[in-house]
Amino acid sequence: MSGNTIGGAETDADASSGAILRTEGLTKRFGPLTALDDVSLEIPDGGITAIIGPNGAGKTTLFNTFTGKHAPTEGRIEFDGEQISDVEPHEVVRRGIVRSFQITNFFSALTALENVRLAAQARYTGFGPSDFLTHHASHDEPIADAERVLERVGLDDVATETASSLAYGQRRHLEVAIALASEPRLLLMDEPTAGMSPEETNETVELIEDIASDTTVVIIEHDMDIVMDISDQIAVLNEGKLLTQGVPSEVQSDERVQEAYLRGGGHE
Amino acid sequence: MMPVFELLRDDDKARTGNQILSRPGRILLVVGILGLAAAGPIAGSIQPFWVNLLVRMLAFALLALSLDFVFGYAGLLSFGHAAMYGAGGYTAALLVGQVTPNALVVLPASVLVGVVVAALIGWLSVRARGIYFAMLTLAFAQLLYVVVFTDLPATVAGVETVTGGDNGLYGIGSYELAGIGFGDPLAYYFLTLALVALSLAGLIRLANSPFGRVVQGIRENEERIEFIGYDVQRYKVIAFAISGGFAGLAGGLYVPFQSVANPGLLHWTVSGELVVMVLLGGMGTLWGPMVGAGLVVFLEDRLGGVASWEVILGTLFVLVVIFAPRGIAGALISLRDDPSGAVDNVKQALKNYVREVRD
């Protein structure tokens, strides 16, 4: 079940035409440490792209530059043909790049529904009079959106429960739901199955494939079985450099990749 | 009274399971406001001085309310709210003294000046977080204090006096509105009560608005709120400016009533005492800090002559922190939820405290 195949031809020659996000010479230094070193990669529009690599390869830093959290030291990031390397995080979200977090990072005192509604509200609210003077619950669209998203991730029956009271698997789904409520065109997921039981992992993999049916998904994932199973594209990072990018079968047989993993001590 | 109905309007809208004040809470608030409206004439008939005290309690309740909106609700610890309070107060003093006693002109001006001062301080401070934010607001407030104390505006404009320097401005008349004078303390009390009730209703509405939900989200999880698409700094500055408007209104109500504006209004000790009032009352509840402020002003007036007032306030503060960390409001809420557990809670709090101190 490798999803819709984005063939080798497209990734080789004319991927540029179908790329939703592209980096050119992307470099990020933190003092003496070079976290990303001249990375030029392309995320094809549609499907699932996995970013893999040993610990410390720069995967999370890559996400942080995509979302505007870290400004690149050098290089460009283009989303949908527009330069976004100096755009603020909240503006990046409005343009359609949204991330979910590895650790659950939500509003624990609020209900599941309110967590998601708050994210959905961002697409409707601004600084007009009604944003200050009306009751938030009198706006139907964000609530309807939130209910729809909760149903999609299978949390509709715990919508009114406080986020902090949810079980681990449910929390992780809520995490995804918050990201989905922003209606991303590109969803970045940082280790979506980390710490999950096999059962929860299966559910999450199904969810990711469902999301990928209408959204471009990029995942950071350590579980190679999952990566090989669901990815249409794999990008391999090692020591801040892009080692290779291609379809799973190519990447799997690439000697440099195997070597990097052996040297880096494998994955967690 | 309009605010009374305003408070009751939001029923059954708690669909998302989160909102400030349940319906019974709202009814209690309305009852409280009506009770205060009745208390004024009664207090006045016993001893006119009590009306004076009630007005001061209300003015500080409004100031504490304004601080709670940014501190308890938005999570921004402002240590400089005296700046907006004093700015609103001096605005009222200057306008009433030299332009017009019309409350419809002066009070909006006090609000506006509070908003502008807060927007400026907020804009310069929100880039810092936590204690650094608090220190920046403190520094800017002290700056304004010095400006007023040394009467810098007079020096700049080349006139003899504007703020009256360390003496301040005195002999300020009271408000007028549509031919009615507010020189009578009881009339002033009703004006103040109406505006404080309106402010509370307005801030509750604001707290439940889409804007208010985002602001609360910032307090809960600042990083995440940014990554779901909100401009955190802009929201913070606006919340701070709104809060400053209400602080300015508090100053505008306090000064003409006392007929004095002195630099002490802007002193950092006012900001500090205000933070104590909010913590004592229970931050983040909006009504709790108002109770806390009223209580502190009342006790200060009654006990100020008995012994060293700071010792009394300090003791009270310590007791509340140990036995009711969520303030008076928190204690009342847990008493309502679990009346029989109250004694156990106190024992538990004492036990925890002793253990913490020993460790």
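The paragraphs below set out a description of the structure included in this document.

Cut-offs used in this document
Residues numbered from 1 in each chain as written. Chains lettered and ligands numbered in written order. Predicted model: local features only at pLDDT ≥ 70, side-chain atom pairs only at ≥ 80, totals over all residues. Heavy atoms only, no water. Phe/Tyr/Trp six-rings, centres within 6.5 Å; stacked < 30°, edge-to-face > 60°. Helix = DSSP H or I, 4+ residues; strand = E, 2+ residues; numbered from the N terminus. Buried < 20%, exposed > 50% of the residue type's maximum accessible area, 1.4 Å probe, protein only. Lys NZ or Arg CZ within 6 Å of the ring centre and 35° of its normal. Contact = heavy atoms within 4.5 Å. Buried area = accessible area lost by both parts, 1.4 Å probe. Salt bridge = Lys/Arg side-chain N within 4 Å of Asp/Glu carboxyl O. Nonpolar A, V, L, I, M, F, W, Y, C, P; charged D, E, K, R; others polar. Pairing = 2+ DSSP bridges. Right-handed = clockwise from strand over helix to strand, strands pointing away.

The final tally for this structure, using the stated rule, is 16 aromatic pairs over all chains. Considering the side-chain rings of A:Phe132 and B:Phe211, the 4.5 Å spacing of their centres and the 40 degrees angle between planes classify their relative orientation as tilted. Of this pair, A:Phe132 sits in helix α5 (residues 129-133) while B:Phe211 is found in helix α9 (residues 210-220), placing the two residues in two different chains. Take B:Phe211: its relative accessible area is 1%, and that puts it in the buried class. Measuring from ring centre to ring centre gives 5.5 Å for B:Phe211 and B:Tyr235, while their planes differ by 20 degrees; the resulting arrangement is stacked. Placement of B:Phe211 in helix α9 and of B:Tyr235 in helix α11 (residues 232-258) is noted, with a sequence separation of 24 residues between them. Through pairs of rings, three or more aromatic residues link up here, namely A:Phe127, A:Phe132, B:Phe211, B:Tyr230 and B:Tyr235. The residue whose ring lies beneath B:Arg127 is B:Trp123, and the NZ or CZ to ring-centre distance is 5.3 Å.

With 42 residues of chain A at the interface, the matching set in chain B holds 32 residues. Contact between chain A and chain B buries roughly 3,400 Å² in total, counting both sides, with carbon and sulfur atoms accounting for 60%. Among the residues of chain A in contact with chain B, A:Phe127, A:Phe132 and A:His135 are the three that bury the most area, contributing 20% of the side total. Run the count over chain A and chain B and you get three salt bridges. The salt bridge involving B:Arg224 is made with A:Glu175; its shortest N-O contact spans 2.3 Å. Of all the secondary structure elements, the ones that give two or more residues to the side of chain A that touches chain B are α3 (89-95), β7 (97-100), α4 (112-121), α5, α6 (140-152) and α7 (168-181) of chain A. The element that contributes the greatest number of residues to the side of chain A that touches chain B is α4(A), accounting for six residues. Residue composition of the side of chain A that touches chain B, by class: 19 nonpolar, 15 polar and eight charged.

Turning to the pairing of strand β9 (residues 216-220) of chain A, a few remarks are in order. Residues and elements named next belong to chain A. Of all the five residues making up β9, five are buried; the element is thus mostly covered by neighbouring parts of the structure. Burial along β9 is two-sided: the residues Thr 216, Val 218 and Ile 220 and Val 217 and Ile 219 are all buried. Sheet topology places strand β4 (residues 48-52) next to β9; four bridges connect them, and they run parallel. Its bridge partner lying in β9, Ala 50 is registered against Ile 219. Two elements, strand β8 (residues 186-190) and β9, share five bridges in a ladder whose sense is parallel. For Leu 187, the partnering residue across the bridge sits in β9 and is Val 217. For the crossover that starts at β8, traverses helix α8 (residues 198-212) and ends in the parallel β9, the hand is right-handed.

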